[in-house]
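Take a look at the letters that make up each chain.
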Amino acid sequence: MSISKTDTTGAQTVAPATIASVRGLKVHFRSKAGRVHAVDGVDFDVRDGETLGLVGETGCGKSVTGRAFLRLLPVPPGILAGGSVMFRPQTSCGGCGGEGCAQCGGSGRRPTPCPTCRGQGCPDCQGTGAETLDLLKVSDKQMRGIRGDRIAMIFQDPGKALNPTLTIGEQLGEVFLQHRSVDLLEEAGIDSGESGFQAGALRRLAGQRDRRTDRMAAALWPPLRRRAQSVRQALDNRIAAALGETQIPNPRNIMRSYPHELSGGMRQRVMIAQALACDPDLIIADEPTTALDVTVQARILDLIGQLQAKRGSSVIYISHDLSVVRRICDRVAVMYAGRVVEIGETDQIFNDPRHPYTKGLLAAVPTTRTPRGKLAAIPGSVPELVDPKPSCRFADRCAQVHAACTASDPILSAVNPGHDVACFLEHPTSPKTEAAE
Amino acid sequence: MQLRDYIIRRLIALPILLLGVSIIVFSLTRIAGSPVGVYLSHEMSPEEVLQIEQRYNLDKPLPVQYAYWLRGVTQGDFGWSGVASAPVAEVFPAKFAATMELSVAAAVVAVALGLWLGTYAGVRRNKMPDHITRIVAVSGASLPLFWFGIVLLIVFWANLGWFPVGRSTNDIWESIAHPTGFYTLDAILAGSWTALMDALWHLVLPSITLGFGAVAIIARMMRSSLIEELQQDYVDAARAKGLPERLVLKRHARRNALVPTVTVIGLTIAFLMQGAIAAEIIFRWPGLGRWMASAVVRGDQATIMTYVLFTSVLFLVANLVVDIIYAKLDPRVRLGD
Ligand SMILES: Nc1ncnc2c1ncn2[C@@H]1O[C@H](COP(=O)(O)OP(=O)(O)OP(=O)(O)O)[C@@H](O)[C@H]1O
Ligand code: SF4
Ligand SMILES: [Mg+2]
Ligand SMILES: [Zn+2]
Ligand SMILES: [Zn+2]
């Protein structure tokens, strides 16, 4: 396995204002035809509070990249073949208690101090003093603590991402039970110092760790039942508040209904409420409006934007829809065949595209007859990702292909501040990646 | 439709269905021959036979005979069992209890083991445990019940002597009353540990024999539907919330996988009733199945009719219970559509 050049210069590329940085990420899949290099050396940063668009044709590895943040990949057949996803969890600002002040730049949150050096700066945190976790390497337990709490995901089809046999409240409540059980107990007036069976049972009930005996006792034994009910009430209040924030009318009724009783737009609001329940630092939105009616798409996008701004969270917005990306994203990363081929400010990408693929994408005005995920103007289709040769992945379809392109593989390098492109036209002497193994 | 309305509607339909079933079975048994045989002995003269036919209305047309039979049933008179040499209604309760005890034990074994094996295999798809449960399941579905039972009988009763046959060891039960007819319950009511162990010990071989086939069917269904559910987006969504794998499986995937499995469980109830006949014969279990088998051989029509009526009730009630569980599990199910 090769390590890409940027990996060694991590301390310099990971600026303090980034919440996450992906370096040389490789996710492969074992298949009958060979090893599919679905994501094959992806590099990008996610800045604090920004919306980063991830665009590209179908099958180019957008979803796999997004899922790598939460390690939601089927392994096997998937293989985490290399690279890192560094993430800096944040905590509520001590200076203002989350309201926003000068210390935290108004966002109400600050980086969690590095546990090794207590914020002084050390190799573990690459000198930044902020806790830095490699999401590909943290333990399963730590990953579970991050999922839904610090990093959340909004899925493409809310009709499939909600469990048909549980009520909305039962599903949304799980986020709080997993990550906010201490707050729930406190809100229910249960002293954290209390010991004994009752306190133990209540703690287990509030953390989804309840045993059959706890449930039986909570159903039959009046004193415990009363206290379990006040935990239940604290939970219901939080669920209703989370639903209310996404402008769902009558949250208390919606909580008790099942997913099939709601419209697609309502279901996606529920998914958003669920994703934002714990004020995550990073939200991965994988085509959150594709499965919805055109009429509700804009409203859902506005909602995500509003709630994100209020919290100061960062969003990775995966989409095919370039006009939406242009409207809502601060920066855009263009992916092709498992690589980021161009990344920059939204302005730079749309007004000054440099990579031939990006130019093709922008020229391809989607019409109603263009199948979803296809781009009209670029002839050909995404190459097979099975054991790729060490050449530019776009060479087969590129009008400006030349000798250098098939000899080696271009990597991202700056053409302007904040604007990187991987193409030999821009960098005739571009550093080359080592041949793919 | 409200669950309560649905149950009421089905309960109203129950007698009508039973009436239909009884007409069909009554006609079939009468076509097979006259039921007069059970009342006769070798010394009777033709005149005496005629008298008996008249006494029991067997000389009347078939619909009239059916009407007499139906009137008897509504008054609790199910006819005379030649096999038991007693009125059917008198023998029935004890044999019913014996069969129910065996079937319930077999169903508990089948459902518990089937769901457990299916879950275990589904989570470890294409790994060793999955292959092993597949072998168990295929053999369970393809070994004839009577053969499997006889093998168990030879190995564990005849050779090893670990388990008994029949229903009880007489001397233990002499002092124990039978208020319910279910020996396990009776032993618990009498507070006798030895009697309870004896009752359970006698249940082991016949209930394994009877439940084995159903284990296989339930396990395979559970496995395949669990594998399908584990690939759904909501499973990843549950993981994305931070749920531990244990809860992802228990609260999310398994609950959904149970929906189709419950339907299959309902069907296996009929399977158990069929199997009970063979299992009771092999293990000398004094239940309805063994009684029914002798009744068929001896042309004991009153017994056959009662057995069929009873099995129909059981089947319809089991289906109703399955429908209720089904609706409880899956809120999208609209009962009565
Ligand atoms: N579970 C899997 N098993 C095998 N291969 C997979 C799996 N998931 C993804 N892949 C491979 O990874 C490649 C990238 O998939 P990915 O879902 O990331 O594409 P995408 O960019 O999100 O496309 P779309 O726009 O259609 O959502 C696919 O072409 C496929 O070959
Ligand atoms: S490197 Fe060559 S083939 Fe690849 S995009 Fe640039 S010009 Fe085209
Ligand atoms: Mg995708
Ligand atoms: Zn602050
Ligand atoms: Zn440090």
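Residues numbered from 1 in each chain as written. Chains lettered and ligands numbered in written order. Predicted model: local features only at pLDDT ≥ 70, side-chain atom pairs only at ≥ 80, totals over all residues. Heavy atoms only, no water.

A.B. asks: Got a sec to walk through the site of ligand 1? Specific residues and values, please.
C.D. replies: Residue and element names in this part refer to chain A. Around ligand 1, the structure places 15 residues, and the nearest of them are Thr 58, Gly 59, Lys 62, Ser 63 and His 320. With respect to ligand 1, the backbone of Gly 61 contributes an N or O atom lying 3.1 Å from an oxygen atom. One of the side-chain N or O atoms of Lys 62 is found 2.9 Å from an oxygen atom in ligand 1. Taking 630 Å² as the accessible area of ligand 1 by itself, protein coverage stands at 68%. At the level of secondary structure, the elements contributing two or more residues to the shell around ligand 1 comprise β2 (34-47) and α3 (62-68). Residue composition of the shell around ligand 1, grouped by class: seven nonpolar, five polar and three charged. (Near = heavy atom within 4 Å. Polar contact = N/O pair within 3.5 Å; in protein donor to acceptor, adjacent residues only side chain to side chain. Areas by Shrake-Rupley, 256 points an atom, 1.4 Å probe, with all protein chains shown as cover. Helix = DSSP H or I, 4+ residues; strand = E, 2+ residues; numbered from the N terminus. Nonpolar A, V, L, I, M, F, W, Y, C, P; charged D, E, K, R; others polar.)

A.B. asks: Describe a positive patch on the surface, with residues and values.
C.D. replies: On the surface, a cluster of positive charge is made up of Arg 212 of chain A together with Arg 246, Lys 250 and Arg 254 of chain B. It is helix α11 (residues 245-282) of chain B that provides the largest number of residues to the positive patch, a total of three residues. For Lys 250 of chain B, the location among the structural elements is in helix α11. (Patch = residues over 30% accessible without salt bridge, like charges linked within 9 Å, V, L, I, M, F, W, Y side chains within 5 Å. Salt bridge = Lys/Arg side-chain N within 4 Å of Asp/Glu carboxyl O. Lys, Arg positive; Asp, Glu negative; His and termini not counted. Charge placed at Lys NZ, Arg CZ, Asp CG, Glu CD.)

A.B. asks: So, the sheet that holds β2 of chain A: which residues are in play, and what are the values?
C.D. replies: Pairing between the strands of a sheet is mediated by backbone hydrogen bonds and can be parallel or antiparallel. All names here are of chain A. Pairing is antiparallel in the open sheet, where four strands are placed in the order β2-β1-β4-β7. The open sheet has two edge strands with one neighbour each: β2 and β7 (133-134). Summarising the sheet, strand β1 (residues 18-31) and strand β4 (residues 78-87) pair through eight bridges and their orientation is antiparallel. Bridge pairing links Arg 23 to Ser 84 in β4. (Pairing = 2+ DSSP bridges.)

A.B. asks: A description of the sheet that holds strand β14 (residues 419-421) of chain A should follow, citing residues and the corresponding values.
C.D. replies: All names here are of chain A. Pairing is mixed in the open sheet, where eight strands are placed in the order β8-β9-β10-β3-β11-β12-β14-β13. Pairing within the sheet leaves two strands with one partner each, and these edge strands are β8 (151-154) and β13 (413-416). For this sheet, the mean angle separating the axes of adjacent strands, direction not counted, is 25°. (Axes fitted to C-alpha atoms, helices over the stretch in contact; angles between N-to-C directions.)

A.B. asks: Got a sec to walk through the packing of helix α10 (residues 233-240) of chain B against α11 of chain B? Specific residues and values, please.
C.D. replies: Residue and element names in this part refer to chain B. In contact at an axis separation of 10 Å, α10 and α11 are set at 155° when each is read in the N-to-C sense. Put simply, α10 runs roughly antiparallel to α11. Seen along the crossing, α10 lies across α11 with a hand that is right-handed. In contact with Tyr 234, Val 235, Ala 238 and Arg 239 of α10, α11 contributes Glu 245, Val 248, His 252, Ala 253 and Asn 256. Looking at the contact of α10 with α11 residue by residue, the class counts come to five nonpolar, two polar and two charged. (Parallel < 35°, antiparallel > 145°, perpendicular 65-115°, else oblique. Left-handed = near helix turned anticlockwise from the far one by under 90°. Contact = heavy atoms within 4.5 Å.)

A.B. asks: Explain the packing of aromatic side chains to me, and be specific about the residues and the numbers.
C.D. replies: The final tally for this structure, using the stated rule, is 15 aromatic pairs over all chains. Relative to Phe 394 of chain A, the ring of Tyr 336 of chain A has its centre 5.0 Å away and its plane inclined at 80°; by these criteria the two rings are edge-to-face. Of this pair, Tyr 336 of chain A sits in strand β11 (residues 331-336) while Phe 394 of chain A sits in the loop between α16 (356-363) and α17 (403-407), placing them 58 residues apart in sequence. Take Tyr 336 of chain A: its relative accessible area is 1%, and that puts it in the buried class. An aromatic cluster is present here, built from Phe 156, Trp 162, Phe 163 and Trp 201 of chain B joined pairwise through their rings. (Phe/Tyr/Trp six-rings, centres within 6.5 Å; stacked < 30°, edge-to-face > 60°. Buried < 20%, exposed > 50% of the residue type's maximum accessible area, 1.4 Å probe, protein only.)

A.B. asks: Quick one: what's the story with the state of the cysteines, residue by residue and with numbers?
C.D. replies: In total, this model carries zero disulfides over all chains according to the counting rule given. Distance from the sulfur of Cys 329 of chain A, which forms no disulfide, to the nearest cysteine sulfur (Cys 60 of chain A) is 14 Å. (Disulfide = S-S within 2.5 Å.)

A.B. asks: Just give me the short version of the side chain of His 355 of chain A, but keep the residues and values in it.
C.D. replies: Residues and elements named next belong to chain A. Residue placement: His 355 occurs in the loop between α15 (346-351) and α16. One polar contact links the side chain of His 355 to the main-chain carbonyl oxygen of Ala 422, over a distance of 3.1 Å. For His 355, the contacting residues outside a window of four places in its chain are Val 341, Glu 342, Phe 394, Val 421, Ala 422 and Cys 423.

A.B. asks: If you had to explain the site of ligand 2 to someone new, which residues and values would you point to?
C.D. replies: Neighbouring ligand 2 are His 355, Pro 356, Cys 392, Phe 394, Ala 395, Cys 398, Gln 400, His 402, Cys 405, Cys 423, Phe 424 and Leu 425 of chain A. Here the residues of the shell around ligand 2 are counted per class, giving nine nonpolar, three polar and no charged.

A.B. asks: So what's going on with the side chain of Arg 204 of chain A? Which residues, and what values?
C.D. replies: All names here are of chain A. Looking at the secondary structure, you find Arg 204 in helix α8 (residues 197-206). Within the structure, the side chain of Arg 204 is placed 2.6 Å from the side chain of Asp 214, a separation counted as a polar contact. For Arg 204, the contacting residues outside a window of four places in its chain are Phe 197, Arg 209, Asp 210, Arg 211 and Asp 214.

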